[in-house]
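Structural overview for review
One-letter residues, chain by chain:
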Amino acid sequence: MVPFLADALEEINVRIPYRSIIPLLSTDDQIREELYKLKTMQTRVFVVHMLSSTGSSLFMRAKEVGMMSEGYVWIMTNGVTNMVDSLNSSVTSAMKGALGVRLYVPNTDELNNFTTRWKKRFHEDNPQDMYSEPSIYGLWAYDTMHAIAMAVEKIGAQTIKIENSTDSQPLPVFPNGEQFLKAITNIKFQALSGNFELINGQLQYSVFEIINIVGRGIREVGYWTKEQGLSKVVDESNNKTYSTSPEDLNPVIWPGESIVVPKGWEIPVSGAKLRVGLTISRYPEFMQVEIDPEMNAIKASGYSIDVFEEAVKRLPYAVPYEYELFGGVPPVSSQSYNDFVYQVYLGKYDLVIGDITIRYNRTRYADFTIPYTESGIAMIVPVDKAVNKNTFIFLMPLTTDLWLGSIVLFIYTGITILILEPKIRTSLKGSLSGHLGTIMYLSVFGYRYPRGSFVEGLLQELKFDKSRMRAYQPDEFAEALDKGSANGGVAAIVHEIPYIKLFLAKNCKSYTMVGPIYKTAGFGFAFPKGSPLVLEISRAILNITDGDDIIQLEKKWIGDETCLNNGGISVESNSLNFLSFWGLFLISGAVSTICLLIFAIISLFISPNEINPEEDEGLPIMNPEEDKDLPIMNPEEDEDLPIMNPEEDEEAHNDCKNGTDTSPPLTNRAS
Ligand code: SER
């Protein structure tokens, strides 16, 4: 039965960490010794699968060593539970709080009649004996005889003739055997132990009863059937849906008269320390393990270690622990960290700590605390200063033919404007730099990943081309990025953000982070499934990450935040600056300067008289017909004209009076 039980438990993620074998003829001391061993372990749930005689002894000793107290869970298979009714009261008293599973025997009139008759007969035969309940085995024996009688009647045999055994045939032979076998396998009837029916030669059991030992008796907690699962009552109608909910059971009174459901797992109280597994990380800043050969002790340091030690300090109770090293060599593949986490499932460690990423596949065999680092996968790329400082970077967004086309069209448009409207030339001055469009910088990266990380598998899952990936150690990242993908290096490193932060903190300015490009859950600590410490340590981690402590730890191990801000997310790589447009300013300035020089030369060497005023838009055009705004110096039309020279004016006035006018014509005079 045990392998079947183990399989069934495994299916629902219940692990059997230890199997204890207690031989039938064990002495009390041997049983006690085994119990003490179990007591030092963390598990507090015990399944007892043994005969009732050994079971009785076991529970008496368990009571003695204090294992029938609060926090413990004892579950008995039918080996002990079937016989519970006939156990000595001192034994049932020791078993208080235990749970048992046994076949359910319906309480029928036939059974009551039989029990009464059986008790009477039993007392007559055994007057000294106080045990008087028929066990399930007795009922089966009775039902079997009943079935045999029915089968014999069915085949019509008047007598069952059993021939004497001979040397060649040591067992008696029933001559009507074949007919009998056929008849008995087809028999169905309501027997004392329930429905009697044989399928493939096996008696079928349909209902199991879950009992709780209380006081000197038992109480029914509920029932289990294959079709309906758990239920408080036996439901013959088959209408109920399958249930695994404890709500469908009556409350249990656990050992120590407790009604609180035990956790099933306790921190050992007998002085045993928690075994904390460590491994060699590629990042000593997160976890560094050193073995002191003199003391034969393990010294651990790093960000992950500090977070763990701080979290344990913040638990409301003392948790003694000791470090143990797993592996001993740096991980060569992501499998190494999977194996590391798997050790808690195997029971080698009580927890494992370090820069362990919380991954879905790992949660199948371990429970994780909440993460204590940032999460996600991003890329490290170089900040390309050579390109940024290139005088002619502004040319890059457009192709050569597009630039040439634009320039030709620009000149053509300019000439057209010059021909069509000379005046507009002045308005074009200085406009060139104002007509720049938005410049976009496009980059295409090749993707690389760090050696020993699950990121490789992840990128492959995301259908990245394997031939475009290369593995590097953390100390090779910078060199690989500096070389670039064209020279045997890489264009980008894809990595988990906590490691990227570490890299950028050490390589301020030269590299930057792009992303995140993928989500992960960050780093956490792994515990065996169902461990109550997960919740407690998670709360302590929250307590640390909520405050300033985590920032201090980051400063200590990862680096200065200022450096991270400068190098981590570079503004330089995203925006264009004056230098980016230096070439454009140069051309624009040069063209303007040349124009000014040409203008100066023309002004110096060509007399202003040679300049055709109609072509020189710098001079005002004194043609009143063309420009209505100009004042017309006609005294007849405008009496308010200023008198420029009173004497001349008086003279002119007199001349006018005398009928002569010697003044020059008023046209074309500058106002
Ligand atoms: N954080 C990684 C992992 O857990 C190890 O580098 O696989």
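Attention here is on the structure that accompanies the text. (Residues numbered from 1 in each chain as written. Predicted model: local features only at pLDDT ≥ 70, side-chain atom pairs only at ≥ 80, totals over all residues. Heavy atoms only, no water.)

The next subject is the site of the ligand. For the ligand, the full set of nearby residues is Tyr337, Asp355, Ile356, Thr357, Arg362, Phe454, Glu496, Tyr499 and Phe523. Between the ligand and the protein, one listed contact pairs a nitrogen atom with a backbone N or O atom of aspartate 355 at 2.9 Å. One of the side-chain nitrogen or oxygen atoms of glutamate 496 is found 3.1 Å away from a nitrogen atom of the ligand. Within the complex, the protein chains bury 95% of what would otherwise be the 240 Å² of accessible surface of the ligand. Among the residues forming the shell around the ligand, the class breakdown is 5 nonpolar, 1 polar and 3 charged. (Near = heavy atom within 4 Å. Polar contact = N/O pair within 3.5 Å; in protein donor to acceptor, adjacent residues only side chain to side chain. Areas by Shrake-Rupley, 256 points an atom, 1.4 Å probe, with all protein chains shown as cover. Nonpolar A, V, L, I, M, F, W, Y, C, P; charged D, E, K, R; others polar.)

Inspection of the entire model under this criterion finds 21 salt bridges. Across the pair arginine 314 and aspartate 549 runs a salt bridge whose closest N-O atoms are separated by 2.7 Å. Here aspartate 549 lies in helix α18 (residues 549-557) and arginine 314 lies in the loop between α9 (303-313) and β13 (321-325), a separation of 235 residues in the sequence. The class for arginine 314 is partly exposed, based on a relative accessible area of 28%. In the salt-bridge network here, residues are joined through shared partners; they are Asp28, Asp29, Arg32, Arg61 and Glu64. (Salt bridge = Lys/Arg side-chain N within 4 Å of Asp/Glu carboxyl O. Helix = DSSP H or I, 4+ residues; strand = E, 2+ residues; numbered from the N terminus. Buried < 20%, exposed > 50% of the residue type's maximum accessible area, 1.4 Å probe, protein only.)

The subject of this paragraph is the packing of helix α7 (residues 136-155) against helix α8 (residues 177-185). Interaxial distance between α7 and α8 falls to 9 Å at its minimum, and their mutual angle equals 120°. The angle between α7 and α8 falls in the class oblique. As for how α7 packs across α8, the hand of that crossing is right-handed. Of α8, the residues touching α7 (which contributes Ala147, Ile148, Ala151, Val152, Lys154 and Ile155) are Gln179, Phe180, Ala183 and Ile184. Across the contact of α7 with α8, the residue classes break down as 8 nonpolar, 1 polar and 1 charged. (Axes fitted to C-alpha atoms, helices over the stretch in contact; angles between N-to-C directions. Parallel < 35°, antiparallel > 145°, perpendicular 65-115°, else oblique. Left-handed = near helix turned anticlockwise from the far one by under 90°. Contact = heavy atoms within 4.5 Å.)

The next subject is unusual backbone geometry. In the Ramachandran plot, glutamate 257 falls in the positive-phi region, its phi being about 55° despite a non-glycine side chain. Structurally, the position occupied by glutamate 257 is in the loop between β9 (229-231) and β10 (274-278). Backbone geometry places lysine 463, a non-glycine residue, at a positive phi of 70°. The residue lysine 463 is located in the loop between α14 (455-461) and β18 (471-472) in this model.

Turning next to empty space enclosed by the protein. As enumerated under the stated definition, the model contains 2 cavities of 30 Å³ or more in all. In this structure, the second largest cavity spans a volume of roughly 80 Å³. In terms of lining residues, the second largest cavity is bounded by Phe286, Tyr303, Thr373, Glu374, Pro498, Lys501, Glu554 and Ile558. Tallied by class, residues from the lining of the second largest cavity come to 4 nonpolar, 1 polar and 3 charged. (1 Å grid on protein atoms, 1.4 Å probe; cavity = no way out; pocket = protein on both sides within 12 Å on 5 of 7 lines; lining within 4 Å. Points joined across faces, edges and corners; volume = space filled by probe spheres on them.)

This paragraph deals with the packing of aromatic side chains. In this structure the tally under the stated criterion is 30 aromatic pairs. Taking 5.8 Å as the distance between ring centres and 80° as the angle between the ring planes, the aromatic pair formed by phenylalanine 286 and tyrosine 303 counts as edge-to-face. Taken as a pair, phenylalanine 286 in the loop between β10 and β11 (288-292) and tyrosine 303 in helix α9 lie far apart in primary sequence, 17 residues in all. Exposure remark for phenylalanine 286: the relative accessible area of 1% places this residue in the buried category. By way of ring pairs, the aromatic residues Tyr283, Phe286, Tyr303, Phe308, Tyr321, Tyr323, Tyr372, Tyr499, Phe523 and Phe525 are connected into one cluster. (Phe/Tyr/Trp six-rings, centres within 6.5 Å; stacked < 30°, edge-to-face > 60°.)

Turning to the sheet that holds strand β5 (residues 194-199), a few remarks are in order. Ordered by their spatial adjacency, 3 strands build an open sheet running β4-β5-β6, and the pairing between neighbours is antiparallel. Only two strands of the sheet have a single partner each, and these edge strands are β4 (188-191) and β6 (202-203). Here β4 runs beside β5; their pairing, made up of 4 bridges, is antiparallel. Paired with lysine 188 across the bridge in β5 is glutamate 197. The strands touched by α7 within the sheet are β4, β5 and β6, with β4 carrying the most contacts at an inclination of about 145°. (Pairing = 2+ DSSP bridges.)

Sheet architecture is open: 3 strands sit in the order β19-β16-β20, paired in antiparallel fashion. The outermost strands of the open sheet, each flanked by one partner alone, are β19 (493-496) and β20 (511-518). Ignoring which end each strand starts from, the neighbouring axes of this sheet average 35° apart. As paired elements, strand β16 (residues 377-382) and β20 share 5 bridges and run antiparallel to each other. Residue pairing in the sheet places methionine 379 in a bridge with valine 514 of β20.

All right, on to helix α3 (residues 52-64) then. Under the 1.5 Å per step criterion, the end-to-end length of α3 is 18 Å for 13 residues, consistent within 8% with the ideal 18 Å. Along α3, the residues that are buried comprise Ser52, Thr54, Gly55, Ser56, Ser57, Leu58, Phe59, Arg61 and Ala62. Summarising the contacts, the buried residues of α3 are in contact with α2 (28-40), β1 (45-48), β2 (73-76), α4 (78-81) and α5 (89-94). (Expected span 1.5 Å × (residues − 1).)

As paired strands, β11 and strand β12 (residues 297-301) are joined by 5 bridges and run antiparallel to one another. Opposite glutamate 290, over in β12, you have lysine 299 as the bridge partner. Where β11 folds back onto β12 in an antiparallel hairpin, the turn is made up of 4 residues, including asparagine 296, whose phi is positive at roughly 55°.

As a further point, take the nonpolar core. Among the nonpolar cores identified, the biggest contains 48 residues, and Ile353, Ile380 and Phe525 are the most heavily contacted of them. Apart from the residues within four sequence positions on either side, isoleucine 380 is in contact with Phe477, Leu481, Ala491, Ala492, Ile493, Ile500, Phe503, Leu504, Tyr511 and Thr512. (Core = buried A, V, L, I, M, F, W, Y, C linked by side-chain atoms within 4.5 Å.)

We now examine helix α16 (residues 497-506). The buried count for α16 comes to 9 of 10 residues, which makes it a mostly enclosed element. Three or more residues of α16 are buried, namely Ile497, Pro498, Tyr499, Ile500, Lys501, Leu502, Phe503, Leu504 and Ala505.

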